[in-house]
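Chain and residue survey
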Amino acid sequence: MKIISTERVPDECKNVIQVKDENLTDEDYRSAEILLTWPSRINKDLISKMPHLKVIQTFSAGVDDLDFSVVPPYVKVFSNAGAYSLSVAEHAWALILASAKGVGTKKRTIVYDVSERILLILGAGGIGSEVARIGKTAFRNYVIGISRSFKKPEWFDEKHSMSMLKEKINEADIIVDTLPLNKQTRNLLSYDLLKNVKRNAIIVNVGRGETVDEEGIYKLLKERPDVRFATDVFWRKNGKEEFYNTKLWELENFTGTLHTAGAYGNENIMKRAMFIACLNVKKYIDKGNAENEVKREDYV
């Protein structure tokens, strides 16, 4: 099967699949059956050049930037979910600890304990499972998971469906959002959902900015200075993630990092994630199926 990539892939990829990633011609696009790319690269012009396209494999874990309206329904889409699990989970814990201990603040603050606390994780895929593992092994947390499925159920003391979120969220000392952005999760963490969280709760988002209602979290933090919120992902305005254009930075109980948990953290993280995407393509070629097939109905 002819494979092309819109991005230069690491040399390790070319040891497992035959992929062309430079000097792409119209014939390359016309004959390609598999496309490796970032979701934001997909547009009508690109798809129109690829009449034989069967598979899109993204380099990103999330596919909320993908315009499904231009992708024919017979084209399978595979995300790169799990490729950034360790780096993002480490980052989640960095945000938890920074929030709990007042790291980076100019003002002396009361510090919160994180050991032997109740940890609630939203989304139990690769990232959520790794956050759970660290919580269990390093901090002896009691871990509750809210998810459609559990990649590593052994790290969770309780496993619940999304229908239990409202009931369980008020039990948690630490809440970590690792959710993808889709029709079901947009603005899921609203003021009404969060207004009764436990005293001194820590909320961390390493999923997508829009899974948290921006106005709602601002209102909560203003009313509840005991609650602390930290995020690595911000809300997109006019198609661009606006790191600085949020009034949350005015608040002492907020902190953030500029989307550095995953692919943009360092070159090695990016290379490893691209290689994992290539391995998934090889699995598709060898077995006719692969990991992380995207459910179109979640987005359309």
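Note that this is a predicted model, so its numbers are computed, not measured.

Our focus in this paragraph is the environment of K166. As for its position among the elements, K166 is in helix α6 (residues 165–168). For K166, a relative accessible area of 65% translates into the label exposed. The spatial distance from the C-alpha of K166 to the C-alpha of Y264 is 33 Å, given a sequence separation of 98 residues.

Adjacent strands of a sheet pair through backbone hydrogen bonds, lying either parallel or antiparallel. As summarised here, the arrangement of the 7 strands in space is β8-β7-β6-β9-β10-β11-β14, forming an open sheet in which the pairing is parallel. What marks the edges here is a single partner per strand, and that holds for β8 (158–160) and β14 (254–256). Strand-to-strand twist across the sheet, computed as the mean angle between neighbouring axes with direction ignored, equals 15°. As paired strands, strand β6 (residues 118–124) and strand β7 (residues 142–150) are joined by 6 bridges and run parallel to one another. The residue of β7 that forms the bridge with A124 is F150. Contacts from helix α8 (residues 214–223) reach β10 (202–205), β11 (228–231) and β14, with the element oriented near 145° to β11.

A word on unusual backbone geometry. It is generally the case that most residues other than glycine have a negative phi and that most peptide bonds are trans. The backbone of R140 shows a phi angle near 50°, a positive value even though the residue is not glycine. Phi is positive for N200, which is not a glycine, with a value near 65°. If you trace the backbone, N200 turns up in the loop between α7 (191–194) and β10. Overall, N200 belongs to the partly exposed group, its relative accessible area being 31%.

All right, on to the pattern of salt bridges then. All chains considered together, the criterion is met by 28 salt bridges. For R41, the salt bridge identified is with E7, shortest N-O distance 2.8 Å. Note that R41 is positioned in the loop between β3 (34–37) and α3 (44–48) and E7 in the loop between β1 (3–5) and α1 (11–14), a separation of 34 residues in sequence. The class for R41 is partly exposed, based on a relative accessible area of 44%. In this structure, R224 engages D226 in a salt bridge whose closest nitrogen and oxygen atoms are separated by 2.9 Å. Look at R224 and you get buried, because its relative accessible area is 16%. Overall, D226 belongs to the buried group, its relative accessible area being 9%.

Attention now moves to the domain arrangement of the protein. Domains assigned within the protein are domain 1 (3–82 + 265–298) and domain 2 (85–256). Once you take the C-alpha centre of each, domain 1 and domain 2 turn out to be 30 Å apart. Domain 1 puts 8 residues into the contact, and the matching count from domain 2 is 10 residues. Here domain 1 and domain 2 share an interface that buries about 800 Å² over both sides, 34% of which is from carbon and sulfur atoms. In terms of surface lost to domain 2, no three residues of domain 1 exceed D64, G82 and D298, which account for 64% of the buried area on that side. For the pair domain 1 and domain 2, the interface holds 4 salt bridges. Inspection of the region where domain 1 meets domain 2 yields 7 residue pairs in polar contact (both at pLDDT 80 or more). Split by residue class, the side of domain 1 that touches domain 2 holds 1 nonpolar, 2 polar and 5 charged.

Here is what the cut-offs are and how they apply
In this convention, every chain numbers its residues from 1, walking through the sequence in written order. Thresholds applied to this predicted model are a pLDDT of at least 70 for local features of residues and 80 or more for the giving and counting of side-chain atom pairs; totals over whole chains, interfaces and linings are not thresholded and use all residues. Based on all heavy atoms of the structure, the side-chain values leave hydrogens and waters out of the count. By the criteria applied, helices consist of DSSP H or I runs no shorter than four residues and strands consist of E runs no shorter than two, each listed in order from the N terminus. Working definition: with a 1.4 Å probe on protein chains only, accessible area under 20% of the residue-type maximum means buried, over 50% means exposed, and in between means partly exposed. Here, any two strands with at least 2 DSSP bridges between them count as paired. Where helices are involved, their axes are fitted lines through C-alpha atoms of the stretch in contact, as for all axes, and angles between N-to-C directions lie from 0 to 180°. Contacts between residues were defined by any pair of non-hydrogen atoms, one from each residue, lying within 4.5 Å. Any carboxyl oxygen of Asp or Glu that lies within 4 Å of a side-chain nitrogen of Lys or Arg is treated as forming a salt bridge with it. Just so you know, the domain bounds were taken from an automatic or database domain assignment. Summed over both partners, buried area is the accessible surface (1.4 Å probe) that two parts give up on being assembled. Any pair of nitrogen or oxygen atoms within 3.5 Å is treated as a polar contact; in protein, a donor-acceptor pairing is required on top of that, and neighbouring residues in sequence qualify only through side-chain atoms on both sides. Any residue that is not Ala, Val, Leu, Ile, Met, Phe, Trp, Tyr, Cys, Pro, Asp, Glu, Lys or Arg is counted as polar, Gly included; the first ten are nonpolar and the last four charged.

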